[in-house]
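# Structure at a glance
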Amino acid sequence: MELPAIEGGKSVREKPIYYGHQYIDEADIQAVVDVLRSDYLTCGPKIEELEQKLCALTGAKYAVVCANGTAALHIAALSAGVGEGDEVITTPITFAASANCALYCGARPVFADIDPETYNIDPAKVEAAVTAKTKAVVAVDYTGQSAALDPLREVCKRHGLILIEDGAHVIGTKYKGQANGSISDMTTFSFHPVKTVTGGEGGAVLTNDEALYEKLLLYRSHGITRKEDLMEHTPDGPWYYEQIALGYNYRMTDMQAALIISQLDKLPTFSARRKEIVARYDQAFSESPAFFVQREIAESDTTRHLYILRLVPERLKIDRKQFFAALAAENVCCNVHYIPTYYFPYYEKLGYCKGLCPHAEKLYEEIITLPLYYGMSDEDVESVIDAVYKIAEYYAV
């Protein structure tokens, strides 16, 4: 349903504003140009430089960068030993890759419900979902707020599970003062353009476990090694290598790595601005009974990737779809994150159905993702707030 712009009140934005947008400056451009003029476009020195920078940023011992966040989840699941007949517990409020990584390995995703106020996976629901087949938990740091990592780690420790933290949203966040990326058995990052820092595409897996690190390296690049201590045969010469596992071509280019390195130099600035925008949104939307503001746990010092506005249906004459359309008519072009993964036809054909996670399903019906990115001006922020309030007041019960 399309709604016309509402007459009266504050004027409609002249230009559309979208939920996310990358910020690229001259230093970023120069970093990529320098690589293009160098001897290496892939498998070069920028890969190791980025990995070292991610370790320095997070405190993790090891980092393995790869093609994208989905590849990062796949090699993390493989390195965790996820295979045919296993189960992997995750949240339905996430991008499909968080569950697909289990399917790639021949395992079955099991969906655990969320905390209805923080929107992150509920550790108690995770524990209730554990069976003899469970191999790992993929916990998503939804919107950039850290998942409840200590309780999740305790659940995993009790049951002998690997904790994979899907940190696609979380770079720049700290949990109890420690950077996310150095806490779980493995943490994956994404560098998609709407994330806090970008490489166009790109991903990474961070870990403190050397054995997992060695597996990640293999799975990233065809299962091939040049390390003699891992080989089964005597090398024929210095050119020799062996494939010792079935891996993938999930390598990152040096151009991407150079861009991410440059972007990471701006992470403190990016993080600070995102926190300013989130604080202003929270202040504004907390004042209306028509909205519910996502609760942040005390343990998480959050760099927010997404800003989720939750509507209170009883306070509005229109539903979420209509509210979304009304915002578009005001030139505020939003999104919704996420459709519960098991709603998709592919998962329906695997036997999943609605009703598995009531809190997640209710959340999906009521949320809208508002614009949030570094390049937003104060005027942009206020225009989004004005548009939201204009619609809420016009359609108030």
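What comes next is a walk through the structure. Just so we're clear, the structure is a prediction, and the values are computed from it rather than from any experiment.

### A closer look at the pairing of strand β5 (residues 134–140)
The element β5 is largely enclosed, with a buried count of six among its seven residues. Where β5 and strand β6 (residues 162–166) come together, five bridges link them in parallel fashion. Its bridge partner being in β6, V138 is matched across the sheet by I164. Taken together, β5, helix α6 (residues 149–159) and β6 constitute a β-α-β crossover, and its handedness is right-handed.

### A few points about the nonpolar core
If you look at the biggest cluster of nonpolar residues, it comprises 33 residues, and the most contacted ones within it are Y281, F285, F291, F323, L327, L370 and V388. Contributions of two or more residues to this core are made by α9 (267–285), β13 (291–293), β15 (307–311), α10 (320–329), β17 (367–370) and α13 (378–394).

### What about the sheet that holds β6?
Here seven strands make up an open sheet; going across it, the order is β2-β10-β9-β6-β5-β3-β4 and the pairing mixed. Only two strands of the sheet have a single neighbouring strand rather than two, namely β2 (62–66) and β4 (108–111). Going from strand to strand, the sheet's axes swing by 20° on average, the running direction of each strand aside. Direction of pairing for strand β3 (residues 87–90) relative to β5: parallel, over a ladder of four bridges. Each bridged residue has a counterpart across the sheet, and for E87 the counterpart in β5 is T134. Against the sheet, helix α2 (residues 45–58) touches β2, β9 (186–190) and β10 (203–207), its axis set at about 130° to β2. Against the sheet, helix α7 (residues 210–220) touches β2, β9 and β10, its axis set at about 15° to β2.

### Digging into unusual backbone geometry
In this chain, H337 is followed by Y338 through a cis amide linkage whose omega measures 10°. Assignment of secondary structure puts Y338 in the loop between β16 (332–333) and α11 (345–349). Backbone geometry places C43, a non-glycine residue, at a positive phi of 60°. In the Ramachandran plot, Y119 falls in the positive-phi region, its phi being about 75° despite a non-glycine side chain.

The rules we used
- Residues numbered from 1 in each chain as written.
- Predicted model: local features only at pLDDT ≥ 70, side-chain atom pairs only at ≥ 80, totals over all residues.
- Heavy atoms only, no water.
- Buried < 20%, exposed > 50% of the residue type's maximum accessible area, 1.4 Å probe, protein only.
- Helix = DSSP H or I, 4+ residues; strand = E, 2+ residues; numbered from the N terminus.
- Pairing = 2+ DSSP bridges.
- Right-handed = clockwise from strand over helix to strand, strands pointing away.
- Core = buried A, V, L, I, M, F, W, Y, C linked by side-chain atoms within 4.5 Å.
- Axes fitted to C-alpha atoms, helices over the stretch in contact; angles between N-to-C directions.
- Contact = heavy atoms within 4.5 Å.

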